[in-house]
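Observations on the model geometry
Spelled out, the chains give:
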Amino acid sequence: MNESNINFYQNIYDLVQLIPRGRVTTYGAIANYLGAKQSSRVVGWALNQCHTQKMKIPAHRVVNRLGLLSGKAHFTPPELMQQLLEQEGIVVENDKIQNFDKVFWNPILEL
DNA sequence: CTCTTGACTGGTT
DNA sequence: GAACCAGCCAAGA
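Fair warning: this is a prediction, and the values are worked out from it, not measured in the lab.

Further remarks concern the packing of aromatic side chains. For the structure on display, the rule yields two aromatic pairs. With centroids separated by 6.5 Å and ring planes inclined at 70°, the aromatic side chains of Tyr 9 and Tyr 13 adopt a geometry described as edge-to-face. Separated by four residues within a single helix, Tyr 9 and Tyr 13 lie in helix α1 (residues 3-17), roughly one turn from each other. Residues Tyr 9 and Tyr 13 agree in their burial class; the two are buried.

Printed below as a string of structure tokens:
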């Protein structure tokens, strides 16, 4: 763990919190924005550890590239992720986000 | 140190 | 569209 690693993790948490309400992004987009597009799995790992963070992380706004709620199983209860998304106006059907291209938020383009 | 696992992605079949 | 494979990297046993 060097400084860049810590910064990388911190950037992930900060960026996730910047996701606008009613929008979502992908692990790859986050990794790409942080200059590590090949490390999308690490983004997933960071979110897996996000519950250990003191800050609130809207991890439900992060899905995989297909718009699938791949991380729903890590929520308590698992249904929470979809509920939060629908609560923000995002249509989810069969664990998959509908109109994904419409709600997708690209940090590289938006920031 | 080695090996496995995983909230991933891109390409191929 | 689904299924499979290969590359990727950090953490834990």
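What follows concerns helix α3 (residues 40-48). Where α3 is concerned, the buried positions are Val 43, Ala 46 and Leu 47. Angularly, the buried residues of α3 cover 95° about the axis, an arc narrow enough to put them on a single face.

Turning next to the pattern of salt bridges. Scanning the model with the defined rule gives three salt bridges in all. A salt bridge links Arg 61 to Glu 88; the shortest N-O distance between them is 2.7 Å. In this pair, Arg 61 is assigned in the loop between α3 and β2 (62-63) and Glu 88 in the loop between α4 (79-87) and β3 (92-93), connecting sequence segments 27 residues apart. In this structure, Lys 72 and Asp 95 form a salt bridge, with 3.1 Å as the shortest nitrogen-oxygen distance.

Another aspect to go through is the protein's contact with DNA strand B. Surveying the vicinity of DNA strand B reveals 16 residues, the closest of which are Arg 41, Leu 47, Asn 48, Arg 65 and His 74. When the atoms of DNA strand B within 4 Å of the protein are grouped by moiety, sugar and phosphate amount to 46% of the total. Gly 28 places a main-chain nitrogen or oxygen 3.1 Å from a phosphate oxygen of DNA strand B. Of all the secondary-structure elements, those providing two or more residues to the surface near DNA strand B are α2 (27-33) and α3. If you tally residues by element for the surface near DNA strand B, the top one is α3, at five residues. For the surface near DNA strand B, the class distribution of residues is five nonpolar, nine polar and two charged.

For the rest of this paragraph, the subject is the nonpolar core. Counting 29 residues, the largest nonpolar core has Val 16, Leu 47, Leu 85 and Ile 97 as the members making the most contacts within it. Elements that contribute at least two residues to this core include exactly α1, α2, α3, β2, α4 and α5 (100-103). Considering each element in turn, this core owes the most residues, six residues, to α1. Those residues in contact with Val 16 that lie beyond four places of it in its chain are Ile 30, Leu 47, Ile 57, Pro 58, Ala 59 and Val 62.

How each quantity is defined
Residues numbered from 1 in each chain as written. Chains lettered and ligands numbered in written order. Predicted model: local features only at pLDDT ≥ 70, side-chain atom pairs only at ≥ 80, totals over all residues. Heavy atoms only, no water. Phe/Tyr/Trp six-rings, centres within 6.5 Å; stacked < 30°, edge-to-face > 60°. Helix = DSSP H or I, 4+ residues; strand = E, 2+ residues; numbered from the N terminus. Buried < 20%, exposed > 50% of the residue type's maximum accessible area, 1.4 Å probe, protein only. Arc of directions from axis to C-beta. Salt bridge = Lys/Arg side-chain N within 4 Å of Asp/Glu carboxyl O. Near = heavy atom within 4 Å. Polar contact = N/O pair within 3.5 Å; in protein donor to acceptor, adjacent residues only side chain to side chain. Nonpolar A, V, L, I, M, F, W, Y, C, P; charged D, E, K, R; others polar. Core = buried A, V, L, I, M, F, W, Y, C linked by side-chain atoms within 4.5 Å. Contact = heavy atoms within 4.5 Å.

Purely geometric stuff here, so don't read any function into it on its own.
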